[in-house]
Number of protein chains: 2
Amino acid sequence: MTVQDARNIYREHIEKLHALGHAMGVLHYDGATAAPVESAEGRGKTLAYLSGCAYEIETDPALLEAAQFLKAHADALNAQDRREIEVFLRNNEYTASIPQAEYVAYVELLNRADAVWHKAKQDSDFASFAPIVKEIFETNVRFAKYYKPDQAPYDTQLGLYERGLTMEKTDAFFNALRERIVPLLKKVMAKPQVDDSFIWGKTYPIEAQRKFSDYLMDVITIDKDRCAIGETEHPFTTNFNKKDVRITTHYHEETPIYSMYSVIHEGGHALYELHSGDELEGTVLSGGVSMSIHESQSRFMENLIGRSREFIELILPKMQELFPEQLAGVTAEQLYLAVNKAEPSLIRTEADELTYALHVMVRYEIEKGLFDGSIAVEELPGVWNAKYREYLGIEVPDDRRGVLQDSHWSGGNVGYFPSYALGSAYGAQMLAKMRETVDVEAAVRSGDLRPITGWLEAHIWKFGGLYDPMELLERAVGEPFDPKYYTDYLEEKFTKIYGL
Amino acid sequence: MTVQDARNIYREHIEKLHALGHAMGVLHYDGATAAPVESAEGRGKTLAYLSGCAYEIETDPALLEAAQFLKAHADALNAQDRREIEVFLRNNEYTASIPQAEYVAYVELLNRADAVWHKAKQDSDFASFAPIVKEIFETNVRFAKYYKPDQAPYDTQLGLYERGLTMEKTDAFFNALRERIVPLLKKVMAKPQVDDSFIWGKTYPIEAQRKFSDYLMDVITIDKDRCAIGETEHPFTTNFNKKDVRITTHYHEETPIYSMYSVIHEGGHALYELHSGDELEGTVLSGGVSMSIHESQSRFMENLIGRSREFIELILPKMQELFPEQLAGVTAEQLYLAVNKAEPSLIRTEADELTYALHVMVRYEIEKGLFDGSIAVEELPGVWNAKYREYLGIEVPDDRRGVLQDSHWSGGNVGYFPSYALGSAYGAQMLAKMRETVDVEAAVRSGDLRPITGWLEAHIWKFGGLYDPMELLERAVGEPFDPKYYTDYLEEKFTKIYGL
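Numbering of residues starts from 1 in each chain and follows the order in which that chain's sequence is written. Lettering of chains starts at A and numbering of ligands starts at 1, both following the order in which they are written. Local features in this predicted model are restricted to residues of pLDDT 70 or higher, and side-chain atom pairs are both shown and tallied only at a pLDDT of 80 or more, whereas totals for entire chains, interfaces and linings draw on every residue.

Turning our attention to the overall build of chain A. Helix and strand assignments follow DSSP, with helices taken as H or I runs no shorter than four residues and strands as E runs no shorter than two, numbered in order from the N terminus. If you tally the helices and strands in chain A, you get 20 helices and three strands. Only C-alpha atoms enter the radius of gyration; for comparison, a globular chain is expected to reach 2.2 Å times N to the power 0.38, where N is the number of residues. Scaling as 2.2 N^0.38, a compact globule of 500 residues should have a C-alpha radius of gyration of about 23 Å, and chain A matches this with 23 Å. Taking the principal axes of the C-alpha coordinates as reference, chain A spans close to 70 × 50 × 45 Å. Buried, partly exposed and exposed are defined by the number of other C-beta atoms within 10 Å of a residue's own C-beta, namely 20 or more, between the two limits, and 12 or fewer respectively, with C-beta atoms placed from the backbone. Burial analysis of chain A (500 residues in total) assigns 45% to the buried set. Restricting the contact set of chain A to residue pairs at least 6 apart, pairs at least 24 apart contribute 73%. For every residue pair, C-beta atoms are placed from the backbone, and the pair is scored as a contact if these atoms sit within 7 Å.

Per residue, pLDDT captures the predictor's confidence, and it can take any value from 0 to 100. Confidence in the prediction of chain A, expressed as mean pLDDT, is 96, and 100% of residues score 70 or more. The complex prediction reports pTM at 0.94, with the ipTM value standing at 0.93.

Residue and element names in this part refer to chain A. Two strands make a pair as long as DSSP finds a minimum of two bridges between them. The mixed open sheet is built from three strands, whose spatial order is 1-3-2. For this open sheet the edge positions go to strand 1 (227–231) and strand 2 (237–241), each flanked by a neighbour on one side alone. Strand-to-strand, the axes of this sheet are offset by a mean angle of 20°, without reference to chain direction. One ladder, built from five bridges, connects strand 1 with strand 3 (residues 244–249); its direction is parallel. Across the sheet, Gly-230 pairs through a bridge with Thr-248, a residue of strand 3. Axes here refer to lines fitted to C-alpha atoms; in helices the fit is confined to the stretch in contact. Angles between the N-to-C directions go from 0 to 180 degrees. Together, strand 1, strand 2 and strand 3 form the strand contacts of helix 10 (residues 257–274), whose direction differs from that of strand 3 by roughly 165°.

A word on the relation of the copies chain A and chain B. At an RMSD of 0.0 Å, chain A and chain B line up after a rotation of 180° and a shift of 0.0 Å along the axis. Such values leave the two copies arranged in the relation of a two-fold axis. Ranked by how close their C-alpha atoms come to the rotation axis, the residues of chain A are headed by A:Ala23, at 3.0 Å. An overlap of 100% is found between the interface residues of chain A and their copies at the interface of chain B, pointing to a shared contact surface. A least-squares fit on C-alpha atoms brings the copies together, and the residues used are those whose pLDDT is at least 70 in both copies.

A separate point is the sheet that holds strand 1 (residues 227–231) of chain B. Residue and element names in this part refer to chain B. Taken together, three strands build an open sheet; the order of strands is 1-3-2 and the sheet is mixed. Looking along the sheet, the strands with just one partner apiece sit at the ends: strand 1 and strand 2 (237–241). The mean inter-strand angle of the sheet, taken between neighbouring strand axes irrespective of direction, is 20°. In this sheet, strand 3 (residues 244–249) lies alongside strand 2 in antiparallel orientation, the contact comprising four bridges. The partner of Thr-237 across the bridge, within strand 3, is Ile-247. Across the sheet, helix 10 (residues 257–274) lies against strand 1, strand 2 and strand 3, angled at about 165° from strand 3, the strand it touches most.

All names here are of chain B. With 18 residues, helix 4 (residues 79–96) ought to run about 26 Å at 1.5 Å a step, and its terminal C-alpha atoms sit 25 Å apart, in line with that. Where helix 4 is concerned, the buried positions are Arg-83, Glu-84, Ile-85 and Phe-88. Along its buried surface, helix 4 packs onto helix 3 (61–72). Every helix has an expected span of 1.5 Å times one less than the residues it contains.

Turning our eyes to something else, we now look at the domain arrangement of chain A. Residues and elements named next belong to chain A. For the domains described, the bounds stem from an automatic or database domain assignment. Splitting chain A by domain gives domain 1 (3–161) and domain 2 (167–498). Just the C-alpha atoms count here: the centres of domain 1 and domain 2 sit 26 Å apart. Tallying the contact residues gives 40 residues for domain 1 and 42 residues for domain 2. Taken together, the elements giving at least two residues each to the side of domain 1 that touches domain 2 come down to helix 1 (3–33), helix 4 (79–97), helix 5 (100–123), helix 6 (126–147) and helix 7 (153–161). Counting residues per element, the side of domain 1 that touches domain 2 draws most heavily on helix 6, at 10 residues. Asp, Glu, Lys and Arg are counted as charged, while Ala, Val, Leu, Ile, Met, Phe, Trp, Tyr, Cys and Pro are counted as nonpolar; the rest, among them Gly, fall into the polar class. Each residue belonging to the side of domain 1 that touches domain 2 can be placed in one class, and the counts come to 24 nonpolar, 10 polar and six charged.

Next up on the list: the nonpolar core. The term nonpolar core refers to a set of buried Ala, Val, Leu, Ile, Met, Phe, Trp, Tyr and Cys residues connected through C-beta atoms within 7 Å. With 271 residues, the main nonpolar core has A:Ala23, A:Leu50, A:Ile220, B:Ala23, B:Leu50 and B:Ile220 as its most contacted residues. Excluding anything up to four places from it in sequence, A:Leu50 contacts A:Leu20, A:Ala23, A:Met24, B:Ala19 and B:Ala23.

Before going further, it helps to spend a moment on unusual backbone geometry. Positive phi, close to 50°, is recorded for A:Ser124, a residue that is not glycine. Classification of A:Ser124 as partly exposed rests on a count of 14 C-beta atoms within 10 Å.

Now for the interface of chain A and chain B. Across the boundary between the two partners, chain A contributes 32 residues, which contact 32 residues of chain B. Every element with two or more residues in the side of chain A that touches chain B is listed here: helix 1, helix 2 (40–58), helix 9 (206–219), strand 1 and strand 2 of chain A. Per element, the largest residue contribution to the side of chain A that touches chain B is eight residues, and it comes from helix 1 of chain A. Residues that form the side of chain A that touches chain B fall into these classes: 14 nonpolar, seven polar and 11 charged.

Let's shift gears to the packing of helix 12 (residues 309–322) of chain A against helix 13 (residues 332–339) of chain A. Residue and element names in this part refer to chain A. Look at helix 12 against helix 13: their axes get within 9 Å of each other, and the N-to-C directions meet at 125°. As far as their axial angle goes, helix 13 and helix 12 are oblique. As helix 12 packs across helix 13, the resulting crossing turns out to be right-handed. Within the contact between the two elements, helix 12 uses Arg-309, Ile-312, Glu-313 and Leu-316 and helix 13 uses Ala-332, Leu-335, Tyr-336 and Val-339. We call two directions roughly parallel when the angle between them is under 35 degrees, roughly antiparallel when it is over 145, roughly perpendicular when it lies between 65 and 115, and oblique otherwise. Should the near helix be turned anticlockwise from the far one by less than a right angle, the crossing is termed left-handed; should it be turned clockwise, right-handed.

Residues and elements named next belong to chain A. Two elements in contact, helix 14 (residues 353–372) and helix 15 (residues 380–392), have axes whose closest approach is 10 Å; the angle formed by their N-to-C orientations is 145°. Here the hand of the crossing between helix 14 and helix 15 comes out right-handed. Contact residues: helix 14 offers Thr-355, Leu-358, Met-361, Val-362, Glu-365 and Ile-366, while helix 15 offers Leu-380, Val-383, Trp-384, Lys-387, Tyr-388, Tyr-391 and Leu-392.

A few words on the pairing of strand 3 of chain A. Of all the six residues making up strand 3 of chain A, six are buried; the element is thus mostly covered by neighbouring parts of the structure. Adjacent in sequence and paired antiparallel, strand 2 of chain A and strand 3 of chain A are bridged by two residues.

Here the focus is helix 11 (residues 291–305) of chain A. Residue and element names in this part refer to chain A. The end-to-end C-alpha distance of helix 11, which contains 15 residues, comes to 20 Å, matching closely the 21 Å that a straight helix rising 1.5 Å per residue would cover. By the largest-angle criterion, Arg-299 marks the main kink of helix 11, which is about 35°. Across the 15 residues of helix 11, 15 count as buried, placing the element largely inside the fold. We define the bend at each residue as the angle formed by axes fitted to the 7 residues ending at it and the 7 residues starting at it.

Right, let's get into the environment of A:Tyr272. Residue and element names in this part refer to chain A. Relative to the elements of secondary structure, Tyr-272 occurs in helix 10. On the basis of neighbour count, Tyr-272 is assigned to the buried category, with 28 C-beta atoms found within 10 Å. C-alpha of Tyr-272 to C-alpha of Tyr-420: the two residues are 148 residues apart in sequence and 16 Å apart in space. In this view, Tyr-272 contacts Gly-288, His-294, Gln-297 and Trp-461; residues no more than four positions away in its chain are not counted.

Quick look at the structure:
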């Protein structure tokens, strides 16, 4: 075998995997946005078949042989190709550690799980979801053990989403947050609450909200020729290649605010995928490097930009054009305060910036407990409600608004939640660094966000998977990760808003 | 090999083909309804890969061997299984006659063609489309010759859409239509035209039109848990299994009538797929048997039901509820006349029932000429315009509204057009038979269309591909196909409307 032979074999397999991933991605996207309700069973069969094909290609000995050959001849490769082989072999090790039948069975399980969870949430009936969530967690523990038999399974699981992440690091991170956020929240709650009543109690037609979404996509510089928006129950972003990215939102007639922040959040994910380096396209290095870095981008757009005073000033005229009666007389200051109202609440996706990390912490601790056996699936509603009482001081009235609210577990995204909090903290550190060279407020005020997106593209987006997440962050900000940028940001912002 | 072994091998292959077909179908559907414009290239690569996989499975010697074995042991099979093997082997013969590389290249060509045609139509620029349409026709001629070397290629092509159809039969059919329709149209044109001005010149909000679509789907008895509606440039129907059917429409703000008839037409296709016999699901016999029978169902709903006086009376109250100002004071009689206004026009999909077949005839004659070489691709706009002048008496102002209007050629649907006219004629013959046992007008008037859909299900839908199209029709109506039911229907209807 020559290096060129190995390269061809490798590339051909990657192209097939890409095509299968594309097809499965579109089936998922269509299932969540357009398909009729009874379509799940047929889609499950097709996904099971395609994932079996992908498994066979990914574990084809010829592919492994080619990749190992390239690794052994690394000096004949350029830096990008060396990195690609390294990342491929690392990912492959996980897949190959799982027996094919179990892999396909898991895909089928997740397809069933989605429908069961939807119904369970609708009926607020945890008991009907419990057997499925149990099976999903057991499968993930088993897979983690196949992959790294000598490591605590939840450390393995965390590492799948964020290379190098462990429970020890995550505990330290959440402790640092809790130490600052909990007292801050107490001080906030002792002050008079901001008034957001004016954004409720009216009807905001979906058609006008759709136009608002288009406008927001333009404002945050999304190229709509390469990124479309769909409608779904639980907003998400997916991408098939850098010319085909999809965001989704959910419109609520009673307020445009929920969809607005879904569009900006998912738009942040989309921007990352849309600006992955051209030279990475079609390789395993294309697109976002990890979920935490991904969430750093989405939450950067949503909160650091989208919940800034300047952003609200920028978009309010358009909102008043689209909703003239509903928002008559509303000032930017009023709206700024309203979208930053901080208070303990039940639903993570609707939580304010200040309490958000506490929602994530609940989920992290529960996952940890499910993995090490200290929490049983049957106890989940009780444990959930107790943690909400402890960290957020509120009573959960039903499982629909409690343990059943998120789609992550039914989607198999176990170990994902810490990414949201880590991403928020990464984003704050990036913002601090960005400020050294970019007048962020002036850019937002001008309506031309390119100085901001340009910085993100140059320091994060274009690198795709070229560096591990921590290295990427350190290269971008010039120092190791430090959560104090995030807690400082929260303290400064909410001290001003609530006059602490 | 035992019959059971052969059965297993056969079934396993069919399931894989079904999964690949499902994935490709969703990619197409998503591409036409939801995908961003620059997504075509990536989708093309994925479709090429998946179609290559499907080709390999369909031409796998093990599958052929199993199917031939089952054919040789037909007495061990029940009637349905015998029929399935017969139909599979017949379809397989066509695919297997095409070299794999050419098959995949054609899939890629069609994917490119779609974007080229869209742009050419937009710019009314036939020259940019000509090389592609040439390649598509040449490929179809070549494939027809691979399949049936000793037969006129266009006969082969017609037979792919409607088993047993030939140019001789199609010529005879169109001659029979022309003989009756052309003089009838002349008489109509000599009479004062009906007034449809009241349905134009207003704005019909898309949001209300979407609600109207939902209502229409209910009226024609579509189960929305198994059939969703999407929005696209050129409405079409697709199905992945009988629990997952999709119709599409295109909303025009200036009138609800275009979308209304798209929904009813595509709904007719959907009903056929949704009611294919349960016992056929997952076999090659599931779903519609041919495009002509399919069009007989869609045009039955669109015209024989949807353009009837009783249907207009039934739905007008709902229309006036959704469009109160736009349709204030409009009577059912006025609307009935307006949706049946007959006059020569440029666009096939917007043509009235009377002139529709003439639009189809133009396309049929052109395809015939392109296949036998008597028409060159470069001459297409001139030939098109001359035929519109001859048959419809109108001048085509530009290619956008002429030869570039339809998506069929860029989609590779060469030989499809006659299905529309044949389907219309089949439908009229079915209606005549249905009237012997069903009071069609009373059913529509009552708003409960199940006596009508029940007849269609019992005589057409449930049989899927169990019978060849002509046999299915003859079993349903109790005699051979006769176009006079169609021409009689048109003559009676338009004689009354125009007081001839």
